[in-house]
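Next come the chains, spelled out residue by residue.
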Amino acid sequence: MNAAVTLLIADDDAVTRSGLRTLLAMQPGIVVVGEAADGVEAVERARRLRPDVVLMDVRMPRLDGIEATRRLLAGPDEPPKVVVITTFENDGYVTAALGAGAAGFVLKRLPVPEIARAVRVVAAGEAILFPAALRRLVTARPLDSAEALPQAALTVREEEVLRLMATGLSNPEIARSCGVSLETVKTHVGNVLTKLGAQNRTHAVVIAYESGLVVPGVTG
């Protein structure tokens, strides 16, 4: 990406919020444009500042991060991408974040460069969910569209692209793996999301695991 990614940080803990702002502002390609101390502020400031990405804590007063994400993404204007960040490795949070439309889920204990990478990846139109959380998620309560894959009539190539998405590959990496152009991959990804009724790439990957197309720990 050529332009810097603009970022809003929403966290109710002032020390955590300040630390994230300072450290993420030092990462290349990221400009922190604002902060919010709760979910209500997050929605208001995101709509006013129009950042590319909101880094959204889950447990916040007045309005939690999951509901704030849902409201923000339901707005009339082009919404920012949302990366949910939390201290708690809680499968319920992952499911709720996906259901609200978040494009990513990261833990606060991750090294700052990895959090920054998640922000950049999501800003570029990808989605990110760390594999350990994904593996556990598929054994938790199913998403509403868990049965979508058997009914989706994906082509052989679309299934191949979905499997590669499940390994965490980006669009350029999938293009190289399949020996096709980046535009072709984007078309396949768009078709997969549409046929599955998936909100984003991460949601599509969860559906792939839940349907059995992809088995945790098995590659190839």
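Summary of the structure given here. (Residues numbered from 1 in each chain as written. Predicted model: local features only at pLDDT ≥ 70, side-chain atom pairs only at ≥ 80, totals over all residues. Heavy atoms only, no water.)

### Description of the layout of surface pockets
Computed from the structure, the second largest pocket encloses a volume of approximately 240 Å³. Taken together, 14 residues line the second largest pocket, and the ones lying closest to its centre are Arg-50, Pro-51, Glu-78, Pro-79 and Pro-80. Among the residues forming the lining of the second largest pocket, the class breakdown is 7 nonpolar, 1 polar and 6 charged. (1 Å grid on protein atoms, 1.4 Å probe; cavity = no way out; pocket = protein on both sides within 12 Å on 5 of 7 lines; lining within 4 Å. Points joined across faces, edges and corners; volume = space filled by probe spheres on them. Nonpolar A, V, L, I, M, F, W, Y, C, P; charged D, E, K, R; others polar.)

### Structural notes on the pairing of strand E4 (residues 81-86)
Across the 6 residues of E4, 5 count as buried, placing the element largely inside the fold. Note that strand E3 (residues 53-57) and E4 share 5 bridges and pair parallel. Bridge pairing in E4 links Met-56 to Val-84. Between E3 and its parallel partner E4, the chain crosses via helix H3 (residues 65-73), and the hand of that crossover is right-handed. For E4 and strand E5 (residues 104-107), the ladder comprises 4 bridges, and the chain directions are parallel. Bridge assignment links Ile-85 to a residue of E5, and that residue is Val-106. (Buried < 20%, exposed > 50% of the residue type's maximum accessible area, 1.4 Å probe, protein only. Helix = DSSP H or I, 4+ residues; strand = E, 2+ residues; numbered from the N terminus. Pairing = 2+ DSSP bridges. Right-handed = clockwise from strand over helix to strand, strands pointing away.)

### Regarding the nonpolar core
Counting 45 residues, the largest nonpolar core has Leu-7, Leu-24, Leu-55 and Met-56 as the members making the most contacts within it. A per-element tally of this core places helix H5 (residues 112-123) first, with 6 residues. If we skip the residues at most four places from it in the chain, Met-56 touches Ala-10, Ala-42, Gly-65, Ala-68, Thr-69, Leu-72, Val-82, Val-83, Val-84 and Ile-85. (Core = buried A, V, L, I, M, F, W, Y, C linked by side-chain atoms within 4.5 Å. Contact = heavy atoms within 4.5 Å.)

### As for helix H10 (residues 182-196)
Here H10 contains 15 residues, and its C-alpha end-to-end distance of 21 Å stays within 8% of the 21 Å for a straight helix at 1.5 Å per residue. Inspection of H10 places Val-185, His-188, Val-189, Val-192 and Leu-196 among the buried residues, and these make up the whole buried set. Looking straight down H10, one finds its buried side chains confined to an arc of 100 degrees; they lie on one side. Facing away from the buried side of H10 by more than 90 degrees, the exposed set consists of Glu-183 and Thr-194. The first or second residue beyond H10 is Gly-197, which carries a positive phi of 65 degrees. (Expected span 1.5 Å × (residues − 1). Arc of directions from axis to C-beta.)

### A short note on the packing of H10 against helix H11 (residues 201-211)
With their axes 10 Å apart at the nearest point, H10 and H11 run at an angle of 65 degrees to one another. Handedness of the crossing formed by H10 with H11: left-handed. Taken together, the residues of H11 that come into contact with H10 (itself represented by Val-189, Val-192, Leu-193 and Leu-196) are Arg-201, Ala-204 and Ile-207. When the residues that make up the contact of H10 with H11 are grouped by side-chain class, the tally is 6 nonpolar, no polar and 1 charged. (Axes fitted to C-alpha atoms, helices over the stretch in contact; angles between N-to-C directions. Left-handed = near helix turned anticlockwise from the far one by under 90°.)

### As for the pattern of salt bridges
Tallying each qualifying case throughout the model produces 12 salt bridges. Notably, a salt bridge pairs Arg-71 with Glu-67, separated by 3.2 Å at the nearest N-O pair. Linking Arg-71 with Glu-67, this pair stays in helix H3, spanning 4 residues, or about one helical turn. Given a relative accessible area of 25%, Glu-67 falls into the partly exposed group. For Glu-160, the salt bridge identified is with Arg-157, shortest N-O distance 2.8 Å. In this pair, Glu-160 and Arg-157 are both assigned in helix H8 (residues 156-166), 3 residues apart and thus about one turn of the helix distant. The class of Glu-160 is partly exposed, set by a relative accessible area of 31%. Residue classification places Arg-157 among the partly exposed positions, given a relative accessible area of 29%. The network of salt bridges with shared partners includes Asp-11, Asp-57 and Lys-108. (Salt bridge = Lys/Arg side-chain N within 4 Å of Asp/Glu carboxyl O.)

### Points about unusual backbone geometry
Residue Arg-50 is not a glycine yet carries a positive backbone phi of 55 degrees. Positioned with a positive phi, Arg-62 is a non-glycine residue whose angle comes to about 65 degrees. For Arg-62, the position within the fold is in the loop between E3 and H3.

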